Amino acid sequence: MFRKGLILFLLLFAFTVGILASFGACDSAPEPSADGSSTAGSTSSVSSVDPSEPSSIVEESSVESVEDSSVEPSVEPSEDPSEDSTGESEVTSWPDPEFPGGSLETPVHPDSEPISIRSLRQTEDNVLLVYGDIDPTDEETAEVLEQIRGMIRAYDKRVSFCAYALDGSRAITYNCEEQYFSACTIKTGFLLYCCLAIEQGLTSVDEVMYYQEKYYHGGSGKIKDSAYGTPYTLGYLIQQALTISDNVAYEMLSAYFGHTGYNQMIETLELDRLKLGSSIWSHRMTARDLAIIWRELYFYFQTDTKMANLYYNACTNTPFNYATVYLKEKYSHKSGDNFGKNAVYNDGAIIWADRPYVIAILNNSEGEPQDEKLVGTIVKLINDSLMK
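Residues numbered from 1 in each chain as written. Predicted model: local features only at pLDDT ≥ 70, side-chain atom pairs only at ≥ 80, totals over all residues. Heavy atoms only, no water.

Caption draft 1: Local environment of the overall build of the protein. Scanning the protein for helices and strands turns up 10 helices and eight strands. Across the 388 residues that make up the protein, the buried fraction comes to 54%. A separation of at least 24 residues holds for 71% of the contacts in the protein among residues at least 6 apart in sequence. About 17,800 Å² of surface is accessible on the protein, with carbon and sulfur atoms providing 52% of the total. (Helix = DSSP H or I, 4+ residues; strand = E, 2+ residues; numbered from the N terminus. Buried < 20%, exposed > 50% of the residue type's maximum accessible area, 1.4 Å probe, protein only. Contact = heavy atoms within 4.5 Å. Areas by Shrake-Rupley, 256 points an atom, 1.4 Å probe, with all protein chains shown as cover.)

Caption draft 2: Here's a closer look at the packing of helix α4 (residues 187-199) against helix α9 (residues 306-315). Packing of α4 against α9 brings their axes to within 9 Å, and their N-to-C directions diverge by 155°. Between α4 and α9, the crossing angle belongs to the class labelled roughly antiparallel. Relative to α9, the crossing made by α4 is right-handed. Counted together, Lys-187, Thr-188, Leu-191, Leu-192, Cys-195, Ile-198 and Glu-199 of α4 and Met-307, Ala-308 and Tyr-311 of α9 form the full contact between these two elements. Considered class by class, the residues forming the contact of α4 with α9 number seven nonpolar, one polar and two charged. (Axes fitted to C-alpha atoms, helices over the stretch in contact; angles between N-to-C directions. Parallel < 35°, antiparallel > 145°, perpendicular 65-115°, else oblique. Left-handed = near helix turned anticlockwise from the far one by under 90°. Nonpolar A, V, L, I, M, F, W, Y, C, P; charged D, E, K, R; others polar.)

Caption draft 3: Spotlight on the confidence of the model for the protein. Per-residue pLDDT for the protein averages 80, and the proportion of residues at 70 or more is 76%. Ignoring residues within four places in sequence, the model shows residues 6-89, a span with pLDDT below 50, making 133 contacts including any to other chains. (pLDDT = per-residue confidence, 0-100.)

Caption draft 4: Spotlight on the pattern of salt bridges. A full pass over the atoms with the stated rule returns 17 salt bridges. The shortest N-O distance in the salt bridge between Asp-156 and Lys-157 comes to 3.4 Å. Looking at Asp-156, the relative accessible area reads 65%, which means it is exposed. Among the ionic pairs, Asp-289 bridges to Arg-288, the shortest N-O distance being 3.6 Å. Looking at Arg-288, the relative accessible area reads 4%, which means it is buried. (Salt bridge = Lys/Arg side-chain N within 4 Å of Asp/Glu carboxyl O.)

Caption draft 5: Representation of the packing of aromatic side chains. Going through the model one piece at a time under the given rule, you end up with 17 aromatic pairs. Measuring from centroid to centroid gives 5.4 Å for Phe-99 and Tyr-256, while their planes differ by 55°, and the two rings are tilted. Taken together, the positions of Phe-99 in the loop between α2 (64-67) and β1 (128-132) and Tyr-256 in helix α6 (residues 247-257) put the pair 157 residues apart, joining distant regions of the chain. Residue Phe-99 is classed as buried on the basis of its relative accessible area of 13%. Given a relative accessible area of 5%, Tyr-256 falls into the buried group. Measuring from centroid to centroid gives 5.4 Å for Tyr-298 and Phe-299, while their planes differ by 75°, and the two rings are edge-to-face. Among the residues examined, Tyr-298 registers a relative accessible area of 16% and is labelled buried. Grouped by ring-pair contacts, the aromatic residues Phe-99, Phe-181, Phe-190, Tyr-193, Tyr-250, Tyr-256, Phe-257, Tyr-262 and Trp-281 constitute a single cluster. Against the face of Tyr-180 rests Arg-158, its NZ or CZ located 4.3 Å from the ring centre. (Phe/Tyr/Trp six-rings, centres within 6.5 Å; stacked < 30°, edge-to-face > 60°. Lys NZ or Arg CZ within 6 Å of the ring centre and 35° of its normal.)

Caption draft 6: Expanded view of the pairing of strand β6 (residues 331-338). The element β6 is largely enclosed, with a buried count of eight among its eight residues. Judged by which residues are buried, β6 turns out to be covered on both faces: Tyr-331, His-333, Ser-335 and Asp-337 on one side and Ser-332, Lys-334, Gly-336 and Asn-338 on the other are all buried. Taking the residues that link successive antiparallel strands as the turn, the β6-strand β7 (residues 344-351) hairpin has five residues, and the phi of Gly-340 there is positive, at about 75°. (Pairing = 2+ DSSP bridges.)

Caption draft 7: Highlighting the side chain of Ser-226. Note on placement: Ser-226 falls in the loop between β4 (208-210) and β5 (231-233). A distance of 2.6 Å separates a polar atom in the side chain of Ser-226 from the backbone oxygen of Ile-223. Side-chain polar atoms of Ser-226 contact the side chain of Tyr-232, separated by 3.1 Å. Excluding residues within four positions of it along the chain, Ser-226 makes contact with Tyr-211 and Tyr-232. (Polar contact = N/O pair within 3.5 Å; in protein donor to acceptor, adjacent residues only side chain to side chain.)

Caption draft 8: How the structure looks around helix α8 (residues 287-302). Here α8 is 16 residues long and its end C-alpha atoms lie 23 Å apart, about the 22 Å a rise of 1.5 Å per residue gives. Most of α8 is tucked away, with 14 of its 16 residues classed as buried. Of the residues trailing α8, Asp-304 is marked for its positive phi of about 60°. (Expected span 1.5 Å × (residues − 1).)

Below you can see the structure in the form of C-alpha cells.
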C-alpha cells in the first residue's frame with residue numbers, strides 16, 4: 001500500500017513540474033509589428049566598374065548569392081551576445097557610435113537640354129504627356145500611346161510614371177506629380193546621402209554598428225534574424241539595404257546618420273516632399289521626384305569612386321524588380337511595396353539602353369498579378385517604342 005502511494009505521489013509531482021515548465025516556455029514578448037514593405041534582390045562583389053559603359057555593368061546574380069556574399073561584417077559576430085561566460089542570460093547593451101556630422105557638398109547637376117527634368121510638370125490630370133523628339137503624330141507612336149491610355153483607363157487603381165532620357169532629348173509622363181507612400185524607394189536618396197557622407201570623410205565605411213532590439217523592423221531583409229550584438233559595418237548595411245532592401249539595415253543607418261544632413265541634401269535638390277521627420281518613410285513621393293534622384297545617381301556613378309561603385313554594384317541587375325522585369329536591357333533600380341492602407345507597388349531605375357534613361361513608376365496596389373502585368377507592360381512599351 002505504501003509503495004502504491006509513493007508511486008502515485010511521484011506521478012503527481014512529475015505532472016506538476018511539467019505544467020509549470022510549460023508556462024515558462026510560452027512566456028514570450030510579442031514581436032514588433034512589421035510595415036509590410038518588401039523587395040528582394042541579389043548582391044555582387046564591390047568592385048570597380050565604369051558605369052558610363054552599360055554593356056559591362058555587372059554579371060547577373062541570384063537571390064541565393066546574398067547568403068554567400070563576400071561582403072561580410074568586418075568584425076566577427078559574437079556567438080551568442082545574450083549570454084555571459086557562465087551561460088546565464090543577462091541584459092546586454094552595445095555602444096552606439098556617434099556620427100560626427102559636418103557639412104556635405106551636394107553635387108547638383110545642371111538640367112540637360114533641350115528638356116529639363118524639373119520642367120516636367122503635371123499640367124493636366126490623367127493626360128499622357130510626351131516631350132522632345134517623341135512625335136505623337138507618327139502612326140506607330142500614336143498607336144503605342146493609345147495602347148497605354150487604354151490600359152490606364154481600364155485599370156481600377158492609380159498609376160503614375162515619369163521616363164526621362166538622360167541626354168535631355170525626350171520624356172513621357174503620366175500624373176507625374178501625384179503623391180504616393182514611398183515604401184522602400186525612399187531608401188534610394190537616403191543611401192546616396194550615406195555614400196556621399198562617407199566619401200567626403202564625415203565618417204568611415206568601416207564604422208561598426210551593433211544590431212540591437214531597438215533596431216528591429218519586420219518586412220524584407222535578413223539582419224532581423226541575427227543575434228542582438230552582431231556587428232555590421234556601414235558599408236555592409238548600405239549594401240544590404242540596396243540588394244535585398246533590408247529594413248533593419250535602413251533603420252540602423254537612419255539612427256546613425258540622422259535625417260538633418262539628408263534633408264539638407266534633399267532641399268538642395270529641390271525635392272522637399274522627400275524630407276524625413278520622425279518617420280523613416282515618406283507619404284509624398286512622386287514619380288518626378290524619384291526620377292530626379294535617379295538622374296543624380298546616374299551622374300554619381302560616373303565618378304567611379306569606391307562608394308559610387310558600392311552603390312552601383314548593389315543595385316544593378318537585382319532580381320524581383322517590378323518596373324524592369326519585362327526588359328532585356330541592364331538596369332540599376334530600387335523598388336518598394338506595401339500592403340493595406342498605404343498599399344503601393346513602386347519602382348525607380350536607370351535603364352542602360354543605347355540612350356540611357358531614368359524611369360519611375362508608382363502604383364497604389366498590393367502588386368497582385370494583374371498589377372504586375374500592368375506595370376511591366378507599360379514599362380516595356382515605353383522602353384521598346386518610345387525611349388530608344
